[in-house]
Structures are given as structure tokens and as C-alpha cells.
Amino acid sequence: VLSATRDAVLTAPVPIFLAFVRATRELLLPLKAAQLGATSSRVGTIMAVSFAVDTALVPVAGFAMDRLGRKYAAVPALAISSIGMAAVSFCSSTSQLLAAGVVLGLGNGMSNGWIQTVGADLAPPGARAQFLGVWNLGMGVGTTAGPLVIGAIAQWQDVAVASFAAALVSAAGALWYTLLGVETLAERERGSNLL
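Residues numbered from 1 in each chain as written. Predicted model: local features only at pLDDT ≥ 70, side-chain atom pairs only at ≥ 80, totals over all residues. Heavy atoms only, no water.

## Thoughts on the packing of aromatic side chains
- In the structure shown here, the tally under the stated rule is three aromatic pairs.
- Their ring planes at 35° and their centres at 6.4 Å tell us that Trp114 and Trp135 sit as a pair that is tilted. Of this pair, Trp114 sits in helix H7 (residues 114-122) while Trp135 sits in helix H8 (residues 128-156); the two residues are 21 residues apart in sequence, bridging distant segments of the chain.
- Plain terms: the ring middles of Trp114 and Tyr177 are 5.4 Å apart, the flat faces sit at 80° to each other, and that makes the pair edge-to-face. Of this pair, Trp114 sits in helix H7 while Tyr177 sits in helix H9 (residues 159-179), and the two are 63 residues apart along the sequence. By the burial criterion, Trp114 is buried, and Tyr177 matches it. (Phe/Tyr/Trp six-rings, centres within 6.5 Å; stacked < 30°, edge-to-face > 60°. Helix = DSSP H or I, 4+ residues; strand = E, 2+ residues; numbered from the N terminus. Buried < 20%, exposed > 50% of the residue type's maximum accessible area, 1.4 Å probe, protein only.)

## Regarding the packing of helix H3 (residues 40-56) against helix H6 (residues 94-110)
- Running from N to C, H3 and H6 cross one another at 25°; their axes reach a closest spacing of 7 Å. One way to sum up the angle between H3 and H6 is to call them roughly parallel. In terms of crossing hand, the pair formed by H3 and H6 is right-handed. Contact residues: H3 offers Arg42, Thr45, Ile46, Val49, Ser50, Val53 and Asp54, while H6 offers Thr94, Ser95, Leu97, Leu98, Gly101, Val102, Leu104, Gly105, Leu106, Asn108 and Gly109.
- Split into classes, the residues belonging to the contact of H3 with H6 amount to eight nonpolar, eight polar and two charged. (Axes fitted to C-alpha atoms, helices over the stretch in contact; angles between N-to-C directions. Parallel < 35°, antiparallel > 145°, perpendicular 65-115°, else oblique. Left-handed = near helix turned anticlockwise from the far one by under 90°. Contact = heavy atoms within 4.5 Å. Nonpolar A, V, L, I, M, F, W, Y, C, P; charged D, E, K, R; others polar.)

This is how it looks when you write it as C-alpha cells:
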């Protein structure tokens, strides 16, 4: 029980990081596009392409989680998202922003299904519903905090600084999960999946 609790506590920040980054993408891409003077249709195109890439990666994320391990989905997702957020900082045209949106779609797409999958992995059999409720609360914290924090930075400084701050948060999430987070795909299950 103590080991399971420790695993849950060490891994609990990861869904907060992931939700933070996901929500931030939805704020920063339109803000940067507006700063670049993009038309409404161009903003819509950038967002649509980013989300299309995100959706297309659903099977890839599932394969990575089930065959290789949960970390093989979330760590690359956070690392790629960090690169995408940093790229937004340096965009000087809507074409460059579209490319950054594609990178952010790749990052977000790699984490599709991760939060619920790992929540189910860690949930204790006798209190599954209660655990998942608290686990999803963490996701809600990240979803709420992302736009609030990054939006405040954008207002205080500018969109480039806010994008770079979001990149640092995403990189911190990747580092946290790499060093401290627990791989919840059992070695036995991973071995059988690779056969």
C-alpha cells in the first residue's frame, strides 16, 4: 500500500503538467496569430491543423503506451510540446506559426489517453472511483492554471515571454517524469506485448 501511494504521489504532477500544456496551446496559438496580424480564417487554419495532427496520433500514442511503456508516450509529448512552445516565441510569420502548431499537435497527440490510462494503472482496487476523482482533479488544476498563468505573463510581458515560460513548464514536466515518475506498465505485460 505504501509503495502504491508513493508511486501515485510521484506520478501525480505529470497530468497537471500535461493538462497545463494542452490548455496553454489553445491560448498561445491564437494570441500569437493575432500579434502577427493573422485573419480569422488563418487563425482557424492554424488551430485546425494543430488539432488534426493531435487526433491523428491517437493510435501512435496507444501503441507507445501499450507496447513500450507509459513514459514512452508522456515524456516525448512534454519534450516535443516544450520545443513547440519555444518555437512560438520566435515565430515572425503565420507560416512559421503553422509549423509550430504542427509541433504542438505532435506533442499533444503523443499524450492522448495517457492521463486516464495511468490513472487506471495506479488506482487501488478498493477505491478506484475515489482515486480517479482526485486524479482527474489534478488534470482540472492544470487545465485551469495554464491559461491563467500564461495569460497573466503575456499581459505582463508579451506573448513571446509567455510562450517561453510555457516551454519551461513543459520541459520541467518531461524532466520530472523521467527522473521521478513511475512506469506503470508492468515488465511482464511489456514483454508479452512485444512478442
